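Observations on the three-dimensional arrangement
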Amino acid sequence: YTNLFKEKLGRDPTDVECFDMGQSNSEHSRHWFFGGKMVIDGEEKPHTLFQMVKATLPKDKPNNSIIAFHDNSSAIRGYECMALRPTQFSKAGPVEVGKQTLHPILTAETHNFPCGVAPFPGAETGTGGRLRDVMATGRGAYPVAGVSSYCVGNLRIPGYDLPWE
């Protein structure tokens, strides 16, 4: 970012740009934890969590993937169908029904789900993250529907038994 502003743009970043860069480099966006080395019981593991997940879709094998592991989402090969779509993608406007090839976009939020510590903010962030990830896939991507499942574990706090635990 320093080179972008110093060399290319020749100016200091605005407050909004500084905030955006801070968010872009957060754990949420960069997945430092998932990309970091794992040491378990003093032994460094040969692969990161991200490497293990990405290994399920090797690039040298034919598959049904259009986009894989890009900007937090993936798209599988779709089909041509009649769909409700925007008449213009560059600005707000009406929608129409028309023939279009749709590639379903799949995304999973890796953190910020509801938990006993923050049940409501976690749910909001998880849902918003999935919608954001669809939009980040690229031009022409737009959310049609969102699906979600939440798995919430028990807290099991000593001396604080809850009826469902």
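Just above, that's the structure.
Residues numbered from 1 in each chain as written. Predicted model: local features only at pLDDT ≥ 70, side-chain atom pairs only at ≥ 80, totals over all residues. Heavy atoms only, no water.

**Re the overall build of the protein**
As a reminder, the rule being used: Secondary structure elements follow DSSP: runs of H or I no shorter than four residues count as helices, runs of E no shorter than two count as strands, and numbering proceeds from the N terminus. The cut-offs for exposure are 20% and 50% of the maximum accessible area for each residue type, with area from a 1.4 Å probe on protein chains only; residues under the lower value are buried, those over the upper are exposed, and the others partly exposed. Whether two residues are in contact is decided by their heavy atoms, any of which lying within 4.5 Å being enough. What sets the accessible areas is the Shrake-Rupley method with a 1.4 Å probe; for residues, cover comes only from the shown protein chains.
Broken down by element type, the protein carries 6 helices and 7 strands. Secondary structure of the protein in N-to-C order comes out as α-α-α-α-β-β-α-β-β-β-β-β-α. In the protein, buried positions account for 17% of the 165 residues. Long-range contacts, defined here as pairs at least 24 residues apart, represent 35% of the contacts in the protein between residues at least 6 apart. Looking at the protein as shown, the accessible area adds up to about 12600 Å², and 59% of this sits on carbon and sulfur atoms.

**Some thoughts on the side chain of threonine 48**
Examined against the element boundaries, threonine 48 turns out to sit in the loop between β2 (43-44) and α5 (49-54). Looking at threonine 48, the relative accessible area reads 11%, which means it is buried. Among all residues touching threonine 48, those that are not within four sequence positions of it are Phe34, Gly35, Gly36 and Lys37.

**Regarding unusual backbone geometry**
A positive phi is found at aspartate 41, a non-glycine position, where the angle reads about 50°. Summarising the element assignment, aspartate 41 is placed in the loop between β1 (39-40) and β2.

**Topic: the environment of glutamine 100**
With respect to the helices and strands, the residue glutamine 100 is situated in strand β6 (residues 95-102). Once the C-alpha coordinates of glutamine 100 and leucine 84 are considered, the two residues, 16 residues apart in sequence, prove to be 9.0 Å apart.

**Concerning a nonpolar patch on the surface**
Just so we agree on the cut-off: Each patch is assembled from residues with relative accessible area greater than 30% and no salt bridge, linking like charges that lie within 9 Å and nonpolar side chains (Val, Leu, Ile, Met, Phe, Trp, Tyr) that lie within 5 Å. Salt bridge criterion: a side-chain nitrogen from Lys or Arg within 4 Å of a carboxyl oxygen from Asp or Glu.
Together, Met82, Leu84, Val95 and Val97 line one region of the surface with nonpolar side chains, adding up to about 420 Å² of accessible area. Those elements that place two or more of their residues in the nonpolar patch are β5 (79-86) and β6. Tracing the backbone through its elements, the reader meets leucine 84 in strand β5. Relative accessible area serves as the criterion here: at 53%, leucine 84 is assigned to the exposed category.

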